[in-house]
2 protein chains.
Amino acid sequence: MHRVRVRVVEDALDANNTIAQANRADFDRAGVTVVNLMSAPGAGKTTLLERVLGPGLPGIRAGVLEGDVAGSLDADRLAHLHVPVVQLNTDAGFGGECHLDANMVRSALPALDLDALDLLIVENVGNLVCPAEFRIGEDARIMVSSVAEGADKPLKYPLMFRACELVVINKIDLAPYVDFEMDRFLHYVDQVHPGVRTLQVSARTGEGVDEVRDWLAELPDRVGAAA
Amino acid sequence: MHRVRVRVVEDALDANNTIAQANRADFDRAGVTVVNLMSAPGAGKTTLLERVLGPGLPGIRAGVLEGDVAGSLDADRLAHLHVPVVQLNTDAGFGGECHLDANMVRSALPALDLDALDLLIVENVGNLVCPAEFRIGEDARIMVSSVAEGADKPLKYPLMFRACELVVINKIDLAPYVDFEMDRFLHYVDQVHPGVRTLQVSARTGEGVDEVRDWLAELPDRVGAAA
């Protein structure tokens, strides 16, 4: 019984990787750098995007693909930023898929003018487990961890922290009120993903956001995907 | 392609329900009331349990089944409370299952002396999507939502808020620092699950915890499962 379940899942991941490569080929053809943005629910991904994309990234035409189980609250929030935003809902699947997969992203591509973009940020469904397992054809992955979630998260959700190129530690303005021990958190991050880049941010106050903007602005050159 | 995936998932849910009924029969035989405790990562489930179970529930012998992708941090925290705690890790599955299912809970039952318990609290993996889909044989479901996650969560994860009998709104001590609008949150909760009981709590300061204790203490009588 257990063997059968594992086989089904491996097949699903295999199919996912095939479609992720097709997405990747489309992104390369259009010269679009793609970021998969992941976090637990309510860690502040959308507020961070508002801060990062609101003023515009110099010389970079950015777009957003918004993933949610239901609704378009986040897409509505981003709509005023004058960047193309496409909402993708996952609730057609069994009561709501807990992650975006390559095929869901592929289904949204016709709604995006890839040739008019340099950078596409895909905001995943809020979840610290499954999004890390499904590649969507991205160049880089950012995971956002809020200090309100506690310092133990890297040890409890190691794959998520291992699967990303940047850990944004958000809501640092709340640190005094939640007994968050930054040193312990950074130690745990380094334990599960040695050397990964971390940035300390408050999307609410704007502190540290410029460093995220710089990281994103340099990403196309870093991955060599710019057309 | 999409049809096939949906069928696989329905089969999985069907098998899950069969095993959940077997768990339910075992719990009934032993006169154990079972609570499925769910939330996003870092919403404060374990701190709430420390507060609720630390002083003991009068006349109720409680035990905890701790679900995590990896590690035993939460079980270690609860071990000093003098309640039986069993850790269940889900990382044997594909890079970490994002929820507990009935079979995982069943696999842990031999480690629990059900006849010595009146109340079993199952702390699920931190996730606002899939745990709501998998019954484990429980009598009641509590979901914990932290004000730090924002007021929009009921609209974004409606199934989770619909699938529970009690919504614990935690970290209310943080409300002034995160612009959390309680009225808006309660309105959204009522929209997706009209009439569901809500309790406002700070597991950190202890505020409102007595009401959670009362709710749990009365649960065995309410569900009529006490032997």
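Check the entry above for the structure.
Residues numbered from 1 in each chain as written. Chains lettered and ligands numbered in written order. Predicted model: local features only at pLDDT ≥ 70, side-chain atom pairs only at ≥ 80, totals over all residues. Heavy atoms only, no water.

Points about the overall build of chain A
Reasoning step 1: Of the regular secondary structure elements, chain A holds nine helices and seven strands.
Reasoning step 2: Taking 227 residues into account, the globule formula puts the C-alpha radius of gyration at 17 Å, and chain A, at 17 Å, falls close to it.
Reasoning step 3: Summarising its shape, the C-alpha atoms of chain A cover approximately 50 × 45 × 35 Å along the three principal directions.
Reasoning step 4: Taking all 227 residues of chain A together, the buried fraction comes to 58%. (Helix = DSSP H or I, 4+ residues; strand = E, 2+ residues; numbered from the N terminus. Rg over C-alpha atoms; globule rule 2.2 N^0.38 Å. Buried < 20%, exposed > 50% of the residue type's maximum accessible area, 1.4 Å probe, protein only.)

Some details on the packing of helix 2 (residues 45-53) of chain A against helix 9 (residues 209-223) of chain A
Residues and elements named next belong to chain A.
Reasoning step 1: At a closest axis distance of 9 Å, the pairing of helix 2 and helix 9 adopts a crossing angle of 75°. For the element pair helix 2 / helix 9, the angle class is roughly perpendicular. Contacts between helix 2 and helix 9 involve Leu48, Arg51 and Val52 on the former and, on the latter, Val209, Val212, Arg213 and Leu216. (Axes fitted to C-alpha atoms, helices over the stretch in contact; angles between N-to-C directions. Parallel < 35°, antiparallel > 145°, perpendicular 65-115°, else oblique. Contact = heavy atoms within 4.5 Å.)

Quick word on the pattern of salt bridges
When the charged atoms of two side chains with opposite charge come close together, those side chains can pair.
All names here are of chain B.
Reasoning step 1: A full pass over the atoms with the stated rule returns 32 salt bridges over all chains.
Reasoning step 2: The residue aspartate 74 makes a salt bridge to arginine 77 at a minimum N-O spacing of 3.9 Å. With aspartate 74 and arginine 77 both in helix 3 (residues 73-78) and three residues apart, this pair spans about one turn of that helix.
Reasoning step 3: The partly exposed category is assigned to arginine 77, whose relative accessible area is 29%.
Reasoning step 4: One salt bridge connects glutamate 138 with arginine 141, and the closest N-O pair in it is separated by 2.6 Å. (Salt bridge = Lys/Arg side-chain N within 4 Å of Asp/Glu carboxyl O.)

Here we look at the sheet that holds strand 2 (residues 62-68) of chain A
Residue and element names in this part refer to chain A.
Reasoning step 1: On the basis of which strands lie adjacent, the open sheet formed by seven strands has the order 3-2-4-1-5-6-7 and parallel pairing. At either margin of the open sheet sits one strand with a lone partner, and together these are strand 3 (85-89) and strand 7 (197-200). Put simply, the sheet's adjacent strands are angled 20° from each other on average, direction ignored.
Reasoning step 2: With four bridges connecting them, strand 6 (residues 166-170) and strand 7 associate as parallel partners. (Pairing = 2+ DSSP bridges.)

Topic: the relation of the copies chain A and chain B
In this structure, two copies of a chain are linked by a rotation about an axis accompanied by a shift along it.
Reasoning step 1: Each copy of the sequence occupies a distinct position, and chain A is placed on chain B by a rotation of 180° and an axial shift of 0.0 Å, giving an RMSD of 0.0 Å. Expressed as a symmetry operation, the mapping of one chain copy onto the other fits a two-fold axis. Using C-alpha coordinates, one finds that chain A approaches the rotation axis most closely at asparagine 127 of chain A, a distance of 3.0 Å.
Reasoning step 2: A high fraction, 100%, of the interface residues of chain A reappear at the interface in chain B, so the copies pair face to face through one surface. (Least-squares fit on C-alpha atoms with pLDDT ≥ 70 in both.)

Observations concerning unusual backbone geometry
Residue and element names in this part refer to chain A.
Reasoning step 1: The backbone of histidine 82 shows a phi angle near 60°, a positive value even though the residue is not glycine.
Reasoning step 2: On the secondary structure map, histidine 82 appears in the loop between helix 3 (73-78) and strand 3.
Reasoning step 3: In this structure, aspartate 179 takes a positive phi of about 55° despite not being glycine.
Reasoning step 4: Looking at the element boundaries, aspartate 179 is found in the loop between helix 7 (175-178) and helix 8 (182-192).

Looking at the interface of chain A and chain B
Reasoning step 1: Contacts between the two partners involve 45 residues from chain A, matched on the other side by 45 residues from chain B.
Reasoning step 2: Buried surface at the junction of chain A and chain B, both sides included, amounts to about 3700 Å², of which 60% is carbon and sulfur.
Reasoning step 3: Summed over the shared surface of chain A and chain B, the number is six salt bridges.
Reasoning step 4: With a closest N to O distance of 2.4 Å, aspartate 74 of chain B and lysine 156 of chain A form a salt bridge.
Reasoning step 5: In this assembly, chain A and chain B are joined by twelve residue pairs in polar contact (both at pLDDT 80 or more). (Buried area = accessible area lost by both parts, 1.4 Å probe. Polar contact = N/O pair within 3.5 Å; in protein donor to acceptor, adjacent residues only side chain to side chain.)

Re the nonpolar core
Reasoning step 1: Counting 62 residues, the largest nonpolar core has Val167 of chain A together with Val167 of chain B as the members making the most contacts within it.
Reasoning step 2: Those elements that place two or more of their residues in this core are helix 6 (158-162), strand 6 and helix 8 of chain A together with helix 6 (158-162), strand 6 (166-170) and helix 8 (182-192) of chain B.
Reasoning step 3: Ranked by residue count, the leading element in this core is helix 8 of chain B, at five residues.
Reasoning step 4: If we ignore the near neighbours within four places in the chain, the residues touching valine 167 of chain B are Met143, Phe161, Phe185, Val189, Val196, Arg197, Thr198 and Leu199 of chain B. (Core = buried A, V, L, I, M, F, W, Y, C linked by side-chain atoms within 4.5 Å.)

Considerations on the packing of aromatic side chains
A ring pair, where both rings are aromatic, is described by two values, the distance of the centres and the angle of the planes.
Reasoning step 1: Within the structure shown, the criterion is met by five aromatic pairs over all chains.
Reasoning step 2: Consider the rings of phenylalanine 161 of chain A and phenylalanine 185 of chain A, whose centres lie 6.0 Å apart with planes at 70°: the pair is edge-to-face. Of this pair, phenylalanine 161 of chain A sits in helix 6 while phenylalanine 185 of chain A sits in helix 8, placing them 24 residues apart in sequence. The same class applies to phenylalanine 161 of chain A and to phenylalanine 185 of chain A, which are both buried.
Reasoning step 3: Note on phenylalanine 180 of chain B and phenylalanine 185 of chain B: the rings are 5.4 Å apart at their centroids and 50° apart in plane angle, and the pair reads as tilted. Just as phenylalanine 180 of chain B is buried, phenylalanine 185 of chain B falls in that class too.
Reasoning step 4: The ring of tryptophan 215 of chain A has arginine 222 of chain A sitting right over it, with the charged end atom 4.6 Å from the ring centre. (Phe/Tyr/Trp six-rings, centres within 6.5 Å; stacked < 30°, edge-to-face > 60°. Lys NZ or Arg CZ within 6 Å of the ring centre and 35° of its normal.)

Concerning the environment of valine 167 of chain B
Reasoning step 1: Among the secondary structure elements, valine 167 of chain B is positioned in strand 6.
Reasoning step 2: In the structure, valine 167 of chain B is positioned 40 residues away from asparagine 127 of chain B in sequence and 15 Å away in space, judged by C-alpha atoms.

Notes on helix 9 (residues 209-223) of chain B
Residues and elements named next belong to chain B.
Reasoning step 1: Its 15 residues give helix 9 an end-to-end C-alpha distance of 21 Å, which sits within 8% of 21 Å, the value for a rise of 1.5 Å per residue.
Reasoning step 2: Taking the largest bend as the criterion, helix 9 deviates by roughly 30°, centred on alanine 217, and proline proline 220 comes between one and four positions later.
Reasoning step 3: All buried positions along helix 9 are accounted for by Val209, Val212, Arg213, Trp215, Leu216, Leu219 and Pro220.
Reasoning step 4: Close packing links the buried residues of helix 9 with strand 1 (33-39), helix 2 (45-53), strand 4 (119-123), strand 5 (140-146), strand 6 and strand 7 (197-200).
Reasoning step 5: Positive phi appears at glycine 224, one or two residues downstream of helix 9, with a value of about 65°. (Expected span 1.5 Å × (residues − 1). Bend = angle between axes of the 7 residues up to and from the residue.)

Regarding the pairing of strand 6 of chain B
Residues and elements named next belong to chain B.
Reasoning step 1: For strand 6, the tally of buried residues reaches five of five residues, placing the bulk of the element in the interior.
Reasoning step 2: Burial along strand 6 is two-sided: the residues Leu166, Val168 and Asn170 and Val167 and Ile169 are all buried.
Reasoning step 3: Where strand 5 and strand 6 come together, five bridges link them in parallel fashion. Along strand 6, the bridge assignment pairs isoleucine 142 with leucine 166.

Describing helix 2 of chain A
Reasoning step 1: Those residues of helix 2 of chain A lying buried are Lys45, Thr46, Leu48, Leu49, Val52 and Leu53 of chain A. On an axial view of helix 2 of chain A, the arc spanned by its buried residues comes to 155°, and they lie on one face. (Arc of directions from axis to C-beta.)

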